[in-house]
Amino acid sequence: PEKIVISGSSAGAITVLQAEYYRCNSHSLAARLPEGFRYAGVISFAGAISDKQKLHWQTLPCPVMLFHGNADGIVPFRKAHLPILGGLWGSETIARNLESLDSPCHFYEIDNAGHEIASLPMTRNLYDIAAFLSRQVIDGKPLSVHTLETVPGAPAAKKRFTIIDYIRNNT
């Protein structure tokens, strides 16, 4: 039970990130977990965290692996936030936040890729996932890794989206 790793894709990625975020911040929804429970790791494929405020952690999270395309028009890569309503803090924001806290994180960014990264790494990045599980989850190495995958000469994709873009793309 001390080596449970949760993972999810797209809405599922939001769910697993939110579960760890709530656990770390003693949210009422995390109260159902056994006392002292910790996930061993979180793997997110194109996910985000929902909060009204900037990201904050009462306790440090378990090791987190984030895959995200930096041209994702469905789930924000950076953030989609309205000051009064809150919003979604994407993988880049999460990775920077965890790095500032010296919290273990492997951020795998794919240049010019969209929401297809919600599924592609599950078959083409098995070695990266295995390395994360082996080094950071099982061996407990407190690593901060940022991998940027690019295709030389590829045309640039749209990378800036508004709240309206995200709403339209999700309806």
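Note that this is a predicted model, so its numbers are computed, not measured. (Residues numbered from 1 in each chain as written. Predicted model: local features only at pLDDT ≥ 70, side-chain atom pairs only at ≥ 80, totals over all residues. Heavy atoms only, no water.)

**Q** Help me understand the sheet that holds strand E3 (residues 48-51) in this model?
**A** Strand pairing in a sheet relies on backbone hydrogen bonds. The paired strands run either parallel or antiparallel. In spatial order, the strands read E3-E6-E5; together these 3 strands make up an open sheet with antiparallel pairing. Where the open sheet ends on each side, the last strands, each with one partner, are E3 and strand E5 (79-82). For this sheet the average axis-to-axis angle between neighbouring strands, irrespective of direction, equals 20°. As judged from the 4 bridges shared by E3 and strand E6 (residues 86-90), these two strands associate in the antiparallel manner. Residue pairing for E6: Asp51 is matched across the bridge by Gly87. Where helix H2 (residues 91-100) meets the sheet, its contacts fall on E3, E5 and E6, and the angle it forms with E6 comes to roughly 75°. (Pairing = 2+ DSSP bridges. Helix = DSSP H or I, 4+ residues; strand = E, 2+ residues; numbered from the N terminus. Axes fitted to C-alpha atoms, helices over the stretch in contact; angles between N-to-C directions. Contact = heavy atoms within 4.5 Å.)

**Q** How should I be thinking about helix H1 (residues 11-24) in this particular structure?
**A** Owing to its 3.6 residues per turn, the α-helix aligns residues three or four sequence positions apart on the same side. Between its first and last C-alpha atoms H1 spans 20 Å; for 14 residues at 1.5 Å apiece the expected length is 20 Å, and the two agree. Where H1 is buried, its residues meet strand E1 (5-9), strand E2 (41-45), E3, strand E4 (64-69) and H2. The first or second residue beyond H1 is Ser26, which carries a positive phi of 50°. (Expected span 1.5 Å × (residues − 1).)

**Q** When you look at the environment of Trp57 in this model, what are you seeing that I'm missing?
**A** Locating Trp57 in the fold gives a position in the loop between E3 and E4. For the pair formed by Trp57 and Ala113, sequence separation is 56 residues and the distance between their alpha carbons is 29 Å. In this view, Trp57 contacts Glu20, Tyr21, Cys24, Asn25, Ile49, Asn97, Leu98 and Leu101; residues no more than four positions away in its chain are not counted. Engagement of the side chain of Trp57 in a polar contact is seen with the side chain of Asn97, the distance being 2.5 Å. (Polar contact = N/O pair within 3.5 Å; in protein donor to acceptor, adjacent residues only side chain to side chain.)

**Q** Just to check I follow, could you spell out the side chain of His106 for this structure?
**A** Tracing the chain through its elements places His106 in strand E7 (residues 105-110). For His106, a relative accessible area of 9% corresponds to the buried category. A polar contact of 3.2 Å, which involves the side chain of His106, links it to the side chain of Thr147. Not counting residues within four places of it along the chain, the set of residues in contact with His106 comprises Val64, Met65, Leu66, Phe132, Gln136, Val145 and Thr147. (Buried < 20%, exposed > 50% of the residue type's maximum accessible area, 1.4 Å probe, protein only.)

**Q** Sorry if this is basic, but what is going on with the pairing of E6 here?
**A** The side chains of a regular strand alternate, first on one face of the sheet and then on the other. Among the 5 residues of E6, 4 are classified as buried, and the element is accordingly described as predominantly covered. Across 4 bridges, E5 lies against E6 in antiparallel orientation. Counterpart to Lys79 in the pairing with E6 is Trp89. The loop that links E5 with its antiparallel partner E6 comprises 3 residues.

Nothing here speaks to function; it is all geometry.
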